[in-house]
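Descriptive analysis of the structure
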Amino acid sequence: MHTSIQNINMISNDDALYQRALLLLQTLEDAGFEAWIVGGFVRNMIMGETPHDIDIACSAPWQTTRLLCQSAGFETRETGVLHGTLTVLVDGCPFEVTTYRCDGAYKDARHPEQVEFVSSIEQDLARRDFTMNALAYHPDRGVLDLFGGVADIESGVIRAVGDPQTRFGEDALRIVRGCRFASELGFEIEEATYKGMLANKGLLSHIAIERVKVELDRLLLGKSAGETILKYVDILSAVLPELVAMRSFDQKTPYHCYDVLEHTTRAIDNVKPDLLIRWTTLCHDMGKPAAFFTDDDGVGHFYGHGAMSVFIARGILERLKASPAFVDEVCLLVKRHDDVIEPTPRAVKRMLTKLHGDPALFRALCEVKRGDTSAQAQPYRAPRRETVDALEQTLDSILAKDEAFSLSKLALNGNDVVALGVTQGPDVGQALQAALNAVIDETVPNEPEALHSFIHAWWNEQNSAE
Ligand code: ATP
Ligand code: MG
């Protein structure tokens, strides 16, 4: 079934990437082989979105593709030749060209025992994960749609190609990929596909955690991330079991109108698509079920939940092998998410000192707070949001005036402190910190002379205290 679709013209003929792909198709087809554009490009084209990369499937063995491309003057790289994939650079733009293949038997829910090269595009499309991804496009032949992928894209449905139970049993990563696509595209997972995911989610423990993390990161950055997590929590619990305690957890407080999971997922959809901010928002209240108690009036409290959320966030991110620096930043923001900060220069600078003096972290904290506020009970949203906006304005004014909020901005350094007689070692750091606090509190101006007098007095006091 070769279906032509009319909206093919959506690709602008001036699109440089597309023009290069056509050149590559032509080169392969002029030599007597068949080649199609496949994968995400076709899906995006039907959705009217701009392409970011183009994958090609071709009947030629990769060695032949390499020869043909080299003769045409295109550079090649053997990026995945075991699976028949060669990267070809056309005018510096990389294209992945993969020989038609189907996957052999799977032995452990992740690696096909061998890749089998096949002769037809139809067989190649049948091994792909979802109908929306099992489409091929050729400028002359149109869209090849064997599984109803175009209709599924048009109605926003994610459907497995073939029997879902078999397909997820073969490769469990597809389960998380399906959720990732639901988040990125705002699509629904079709019912039999959903059931296939549920029945096979236990197999996700066989998948390399790094690959799961790639999908979770992309899921979190998607336009429907929160909605997807809420809707598909029973699937995602296989890789994020921490979500289970949040589901339906009634907060029993006037500040909240949603359970912990719904609060969290609504907050996610109200913050910028940035990994640090989204991971922090996902984790910020995870400690609530553990911190929860009710008072004599039946009102829920969560004192110290930030610190408990830090435990859980660290556990998740370390398990997913996130970088130590990223884990630390998420944990720092989770810990601080509920701190009350007055929108005064002094309070903002004090918080900055707790955030490594990094204004970007402070802005991230503000965004987390905005998301948090947006998913609280209605009466608290507007006033709390105004406070957060005021915090960021205060930061802007501190930065504009170049006021000191970190040791590097202090008009005196460690050498000066030693020259003033403070003993080398930990005393130097303490002296600088005391000076910074005094500057932030506006009891001492950030000027060398005033700071020298301050250090003298501080050092004398230290010595007399001993
Ligand atoms: P994007 O590039 O936006 O992530 P994509 O659909 O191109 O979307 P890729 O991960 O680049 O996704 O994969 C390219 C194509 O390869 C997919 O469209 C799909 O047809 C196929 N594919 C990728 N991973 C799998 C898998 N685990 N099982 C089956 N088919 C897959
Ligand atoms: Mg792709």
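Residues numbered from 1 in each chain as written. Chains lettered and ligands numbered in written order. Predicted model: local features only at pLDDT ≥ 70, side-chain atom pairs only at ≥ 80, totals over all residues. Heavy atoms only, no water.

Things to note about the environment of Ala 225
- By the element assignment, Ala 225 lies in helix α10 (residues 225-231).
- Once residues lying within four places of it in the same chain are set aside, the contact partners of Ala 225 are Ser 183, Leu 219, Leu 220, Ile 268, Asp 269 and Arg 278. (Helix = DSSP H or I, 4+ residues; strand = E, 2+ residues; numbered from the N terminus. Contact = heavy atoms within 4.5 Å.)

Focus: the packing of helix α13 (residues 275-283) against helix α18 (residues 359-374)
- The N-to-C vectors of α13 and α18 enclose an angle of 45 degrees; their axes lie 10 Å apart at closest approach. Looking at the two axes, α13 sits oblique to α18. The hand of the α13/α18 crossing is right-handed. Contacts from Leu 276, Ile 277, Thr 280 and Thr 281 in α13 reach Leu 361, Ala 364, Glu 367 and Val 368 in α18.
- Among the residues making up the contact of α13 with α18, the classes are represented as 5 nonpolar, 2 polar and 1 charged. (Axes fitted to C-alpha atoms, helices over the stretch in contact; angles between N-to-C directions. Parallel < 35°, antiparallel > 145°, perpendicular 65-115°, else oblique. Left-handed = near helix turned anticlockwise from the far one by under 90°. Nonpolar A, V, L, I, M, F, W, Y, C, P; charged D, E, K, R; others polar.)

Some words on the site of ligand 1
- As a structural note, the neighbourhood of ligand 1 is formed by 15 residues, with Arg 43, Asp 171, Arg 174, Arg 177 and Arg 218 the closest of them.
- In the model, an oxygen atom of ligand 1 is placed 3.0 Å from a nitrogen or oxygen of the Asn 133 main chain.
- Arg 180 is positioned with one of its side-chain polar atoms (N or O) 3.0 Å from an oxygen atom of ligand 1.
- In isolation ligand 1 exposes 580 Å². Once the protein is present, 81% of that is buried.
- Mapped onto the shell around ligand 1, the elements with two or more residues apiece are α2 (40-46) and α7 (173-185).
- Take the shell around ligand 1: its biggest share by element is 4 residues, from α7.
- Split into classes, the residues belonging to the shell around ligand 1 amount to 1 nonpolar, 4 polar and 10 charged. (Near = heavy atom within 4 Å. Polar contact = N/O pair within 3.5 Å; in protein donor to acceptor, adjacent residues only side chain to side chain. Areas by Shrake-Rupley, 256 points an atom, 1.4 Å probe, with all protein chains shown as cover.)

Considering the nonpolar core
- Within the largest apolar cluster, 107 residues are counted, with the highest numbers of intra-cluster contacts made by Leu 24, Leu 243 and Trp 279.
- Setting aside anything within four residues of it in sequence, one finds Leu 24 in contact with Ile 56, Cys 69, Phe 74, Val 88, Val 90, Phe 95 and Val 97. (Core = buried A, V, L, I, M, F, W, Y, C linked by side-chain atoms within 4.5 Å. Buried < 20%, exposed > 50% of the residue type's maximum accessible area, 1.4 Å probe, protein only.)

Concerning the side chain of Thr 65
- Relative to the helices and strands, Thr 65 is located in helix α3 (residues 62-71).
- Beyond its immediate stretch of four places on either side in the chain, Thr 65 contacts Leu 28, Cys 58, Ala 60, Leu 86 and Val 97.

Focus: helix α17 (residues 345-354)
- Among the residues of α17, those classed as buried are Ala 347, Val 348, Lys 349, Met 351 and Leu 352.
- Its buried side turned inward, α17 meets α16 (324-336), α18, α19 (378-400) and α21 (426-440).
- Just past α17, the residue His 356 takes up positive phi, approximately 55 degrees.

Let's talk about the packing of aromatic side chains
- In this structure the tally under the stated criterion is 9 aromatic pairs.
- Arranged with centres 6.1 Å apart and planes meeting at 10 degrees, the rings of Tyr 18 and Phe 41 form a pair that is stacked. In this pair, Tyr 18 is assigned in helix α1 (residues 16-30) and Phe 41 in helix α2, connecting sequence segments 23 residues apart. Judged on exposure class, the residue Tyr 18 and its partner Phe 41 are both buried.
- Here Phe 130 and Phe 168 contribute two aromatic rings whose centre-to-centre distance is 6.3 Å and whose plane-to-plane angle is 45 degrees, an arrangement assigned as tilted. With Phe 130 in the loop between α4 (121-126) and β9 (135-138) and Phe 168 in helix α6 (residues 164-170), this residue pair connects regions lying 38 residues apart in the sequence.
- Exposure remark for Phe 130: the relative accessible area of 0% places this residue in the buried category.
- Residue Phe 168 is classed as buried on the basis of its relative accessible area, which comes to 1%.
- In this structure an aromatic cluster arises from ring pairing among Phe 130, Phe 168 and Phe 181.
- In this structure, Arg 180 is placed above the aromatic ring of Phe 181, and the distance from its NZ or CZ to the ring centre is 4.2 Å. (Phe/Tyr/Trp six-rings, centres within 6.5 Å; stacked < 30°, edge-to-face > 60°. Lys NZ or Arg CZ within 6 Å of the ring centre and 35° of its normal.)

A word on the environment of Cys 102
- Among the secondary structure elements, Cys 102 is positioned in strand β7 (residues 101-103).
- When the C-alpha atoms of Cys 102 and Gln 114 are compared, they prove to be 9.3 Å apart, with 12 residues separating the residues in sequence.
- When near neighbours in sequence (up to four residues on either side) are disregarded, Cys 102 contacts Val 115, Glu 116, Val 118, Gln 123 and Arg 127.

Section: α21
- With 15 residues, α21 extends 21 Å from end C-alpha to end C-alpha; this agrees with the ideal 21 Å at 1.5 Å per step.
- Residues of α21 that are buried: Val 428, Ala 431, Leu 432, Ala 434, Ala 435, Leu 436, Ala 438, Val 439 and Ile 440.
- A positive phi of about 60 degrees marks Glu 442, the residue just after α21. (Expected span 1.5 Å × (residues − 1).)

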